[in-house]
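Inside the fold
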Amino acid sequence: TSEGEENLDNLIRQLTTLDISKMRFDLLSNIDNPSLTEEIRNTLCNERALLIKDRLVAAGALEEAISFRSYSDKAPLFTNESSYGTAQNNRVDIIVKKYKN
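Described below are features of the structure shown in this document. (Residues numbered from 1 in each chain as written. Predicted model: local features only at pLDDT ≥ 70, side-chain atom pairs only at ≥ 80, totals over all residues. Heavy atoms only, no water.)

**Section: helix 1 (residues 2-16)**
- Here helix 1 contains 15 residues, and its C-alpha end-to-end distance of 21 Å stays within 8% of the 21 Å for a straight helix at 1.5 Å per residue.
- If you check which residues of helix 1 are buried, you get L8, I12 and L15. Buried residues of helix 1, viewed axially, fall in a sector of 65 degrees; they line one side. Seen from the buried face of helix 1, the exposed residues on the opposite side, beyond 90 degrees, are S2, E3, R13 and Q14.
- The elements touched by buried residues of helix 1 are strand 1 (23-30), helix 2 (38-58) and strand 3 (91-98). (Helix = DSSP H or I, 4+ residues; strand = E, 2+ residues; numbered from the N terminus. Expected span 1.5 Å × (residues − 1). Buried < 20%, exposed > 50% of the residue type's maximum accessible area, 1.4 Å probe, protein only. Arc of directions from axis to C-beta. Contact = heavy atoms within 4.5 Å.)

Pasting the structure below:
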């Protein structure tokens, strides 16, 4: 979504001021759409994480310092009883850690 892209742009802008090449990233990809098969959910999770990985590498992050995992629909944060909750469960969590001195 445009909101997600804006959030990623803001994160990258902040991290580049701190030397993004010295950071480690764990990308935890989630999708919660019961109408999709598990295989399709996993494929979408991987594609989302790879897009973010590519953006981080383009901004100066080291490719070997980025890992990702697909949680598919296994880690919801919100109830799926509303469209808002379902939308919030479709996300990639980005964990940033110090990688190098």
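**Focus: the pattern of salt bridges**
- Per the counting criterion, the structure on display carries six salt bridges.
- A salt bridge links R91 to D93, with the nearest nitrogen and oxygen atoms 3.1 Å apart. (Salt bridge = Lys/Arg side-chain N within 4 Å of Asp/Glu carboxyl O.)

**Digging into the packing of helix 1 against helix 2**
- It is at 11 Å that the axes of helix 1 and helix 2 come closest, and there the two elements cross at 30 degrees. Looking at the two axes, helix 1 sits roughly parallel to helix 2. The handedness of the crossing between helix 1 and helix 2 is right-handed. Across the interface between the two elements, L8, D9 and I12 from helix 1 touch I52, R55 and L56 from helix 2.
- Each residue belonging to the contact of helix 1 with helix 2 can be placed in one class, and the counts come to four nonpolar, no polar and two charged. (Axes fitted to C-alpha atoms, helices over the stretch in contact; angles between N-to-C directions. Parallel < 35°, antiparallel > 145°, perpendicular 65-115°, else oblique. Left-handed = near helix turned anticlockwise from the far one by under 90°. Nonpolar A, V, L, I, M, F, W, Y, C, P; charged D, E, K, R; others polar.)

**As for the side chain of K53**
- Mapping K53 onto the fold places it in helix 2.
- Among residues more than four places away in sequence, those in contact with K53 are L27, E63 and I66.

**Overview of a nonpolar patch on the surface**
- Where nonpolar side chains cluster on the molecular surface, the patch consists of L77, F78 and Y84 and spans about 340 Å² of accessible area.
- Along the polypeptide, F78 turns up in the loop between strand 2 (66-72) and helix 3 (83-89). (Patch = residues over 30% accessible without salt bridge, like charges linked within 9 Å, V, L, I, M, F, W, Y side chains within 5 Å. Areas by Shrake-Rupley, 256 points an atom, 1.4 Å probe, with all protein chains shown as cover.)

**Considering helix 2**
- With 21 residues, helix 2 ought to run about 30 Å at 1.5 Å a step, and its terminal C-alpha atoms sit 30 Å apart, in line with that.
- Every buried residue of helix 2 is accounted for by R41, C45, A49, I52, K53 and L56. The buried residues of helix 2 occupy an angular sector of 105 degrees when the element is viewed end-on, so they sit on one face. Seen from the buried face of helix 2, the exposed residues on the opposite side, beyond 90 degrees, are E39, L51, D54 and A58.

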